[in-house]
Amino acid sequence: MLLSNLEVVPHKKIVRHLGLVQGSTVRAKHAGRDIMAGLKNLVGGELKGYTELLQDAREEATGRMVEQANAIGANAVLNIRYATSSVASGASELFAYGTAVELED
Amino acid sequence: MEWMLQYFEIFFALCLLIVGYGFGRLAEKRHYKSIFKREKKYQELLVFSLKTPPEGLTVTDSRLVTGSVVVSIDYFKKFVAGLRMLVGGRLRSYETLVDRGRREAVLRMKEQALLLHADSVINVKVETSSISKGRRNSIGSIEVCAYGTALKHA
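All values reported here derive from a predicted model rather than from experimental measurement.

### Considering the overall build of chain B
- When helices and strands are counted, chain B shows three helices and four strands.
- Radius of gyration (C-alpha) of chain B: 21 Å, far over the 15 Å computed for a compact globule of 154 residues.
- Taking the principal axes of the C-alpha coordinates as reference, chain B spans close to 80 × 30 × 25 Å.
- The 154 residues of chain B split such that 37% are buried.
- Of the roughly 9,500 Å² of accessible surface on chain B, a fraction of 62% belongs to carbon and sulfur atoms.

### A short note on a nonpolar patch on the surface
- On the surface, Trp3(B), Met4(B), Tyr7(B), Ile10(B) and Leu14(B) cluster together into a nonpolar patch covering about 590 Å² of accessible area.
- Mapped onto the elements of the fold, Ile10(B) is located in helix α1 (residues 2-41).

### A few points about the nonpolar core
- In terms of nonpolar packing, the biggest core is built from 16 residues, with Val65(B), Met109(B), Ala113(B), Val121(B) and Ala150(B) touching the most fellow members.
- Of all the secondary structure elements, the ones that give two or more residues to this core are β2 (59-72), α3 (92-115), β3 (120-130) and β4 (141-153) of chain B.
- The contacts of Ala113(B), once residues within four sequence positions are left out, are Leu45(B), Val65(B), Ala118(B), Val121(B) and Ala150(B).
- Formed by 15 residues, the second largest nonpolar core is a distinct cluster that contains Met65(A), Ala69(A), Val77(A) and Leu64(B).

### Here's the deal with the sheet that holds strand β3 (residues 45-46) of chain A
- Reading across from one edge, β3(A)-β2(B)-β4(B)-β3(B)-β1(B) is the order of the five strands in this open sheet, with mixed pairing throughout. One side of each edge strand has no neighbouring strand; the edge strands of this open sheet are β3 of chain A together with β1 (46-47) of chain B.
- Relative to β4(B), β2(B) runs antiparallel, the two sharing 13 bridges. Bridge pairing in β4(B) links Val69(B) to Val144(B).
- With respect to the sheet, helix α2 (residues 48-71) of chain A is in contact with β3 of chain A together with β2 and β4 of chain B, its orientation differing from that of β2(B) by roughly 140°.
- Relative to the sheet, α3(B) contacts β3 of chain A together with β1, β2, β3 and β4 of chain B, its axis offset from that of β2(B) by approximately 145°.

### What about the pattern of salt bridges?
- For the structure on display, the rule yields 14 salt bridges over all chains.
- Between Arg64(A) and Glu60(A) there is a salt bridge, and its shortest N-O distance comes to 2.6 Å. Linking Arg64(A) with Glu60(A), this pair stays in helix α2, spanning four residues, or about one helical turn.
- What makes Glu60(A) partly exposed here is its relative accessible area of 28%.
- Of the charged contacts in the structure, one is a salt bridge between Arg90(B) and Glu95(B), with a shortest N-O distance of 3.0 Å.
- Taken together, the salt bridges that share partners define one network made up of Glu46(A), Arg38(B), Glu104(B), Arg108(B) and Glu111(B).

### Focus on the side chain of Ser4(A)
- Note on placement: Ser4(A) falls in the loop between β1 (2-3) and β2 (14-28).
- Among the residues examined, Ser4(A) registers a relative accessible area of 1% and is labelled buried.
- For Ser4(A), the side chain forms a polar contact with the side chain of Thr149(B), separated by 3.2 Å.
- Look past the residues within four positions of Ser4(A) in its chain and what remains in contact with it is Val77(A), Leu78(A), Asn79(A), Ile80(A), Leu64(B) and Thr149(B).

### Describing the sheet that holds strand β4 (residues 76-88) of chain A
All names here are of chain A.
- Taken in spatial order, the four strands make up an open sheet running β1-β4-β5-β2, and their pairing is mixed. Every other strand in the sheet has two partners, leaving β1 and β2 as the edge strands with one partner each.
- Pairing geometry for β1 and β4, over two bridges, is parallel. In the sheet register, Leu 3 faces β4, and the bridge partner there is Val 77.

Cut-offs used in this document
- Residues numbered from 1 in each chain as written.
- Chains lettered and ligands numbered in written order.
- Predicted model: local features only at pLDDT ≥ 70, side-chain atom pairs only at ≥ 80, totals over all residues.
- Heavy atoms only, no water.
- Helix = DSSP H or I, 4+ residues; strand = E, 2+ residues; numbered from the N terminus.
- Rg over C-alpha atoms; globule rule 2.2 N^0.38 Å.
- Buried < 20%, exposed > 50% of the residue type's maximum accessible area, 1.4 Å probe, protein only.
- Areas by Shrake-Rupley, 256 points an atom, 1.4 Å probe, with all protein chains shown as cover.
- Patch = residues over 30% accessible without salt bridge, like charges linked within 9 Å, V, L, I, M, F, W, Y side chains within 5 Å.
- Salt bridge = Lys/Arg side-chain N within 4 Å of Asp/Glu carboxyl O.
- Core = buried A, V, L, I, M, F, W, Y, C linked by side-chain atoms within 4.5 Å.
- Contact = heavy atoms within 4.5 Å.
- Pairing = 2+ DSSP bridges.
- Axes fitted to C-alpha atoms, helices over the stretch in contact; angles between N-to-C directions.
- Polar contact = N/O pair within 3.5 Å; in protein donor to acceptor, adjacent residues only side chain to side chain.

Written out as structure tokens, the structure is:
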């Protein structure tokens, strides 16, 4: 599966467009991490626990999108966009969407 | 007894401010140092926000790369920003926060692209979101995600 946020693939031709595919996940951080992050907030800087959490979540959203694309017989997803929104305090939604296409071999 | 408790509260807040100021400054300095160092190191990998690769290039492979980071502001800076908000104007303490976040995210994306032996990254999007929005006593922490398509040239 080729993933790209370009509208075209520079080295391959698109044979068929299969429409929009999307994947999303809502994650909350667990209390232990939250407390550590609270302490870290005092001195500022990177909150590693959150970085990891969001990265995992993003990967999962991408994975779900890829699953959907696989199901409709695509071999690439183009023009991928990511969006983040906080649905409740302490939880955030990660959303990935793109266009599933079939590329020539 | 009551007045002692009150003093203790003020003392405690002051302690937090001092700790935040000291460590926050140190951490920021160190972070900037590492950012400068890595930005120089990865200079050769070109990053574009263009949608199509520069003309005359033959591309052999393309792959999505991402980099993300969560950074937060320290207690002292938050306090200063709170004062600043009374009168309005530039919030310099938040400016360095978003600057650090963006640059770090782009650097991480570049690191990922280098792992794939890419020659350039195009169509880079940088997205910022606040993860502690709407919460009381919320601390300013932001998440920055940078993503683009890594290309291999012939």
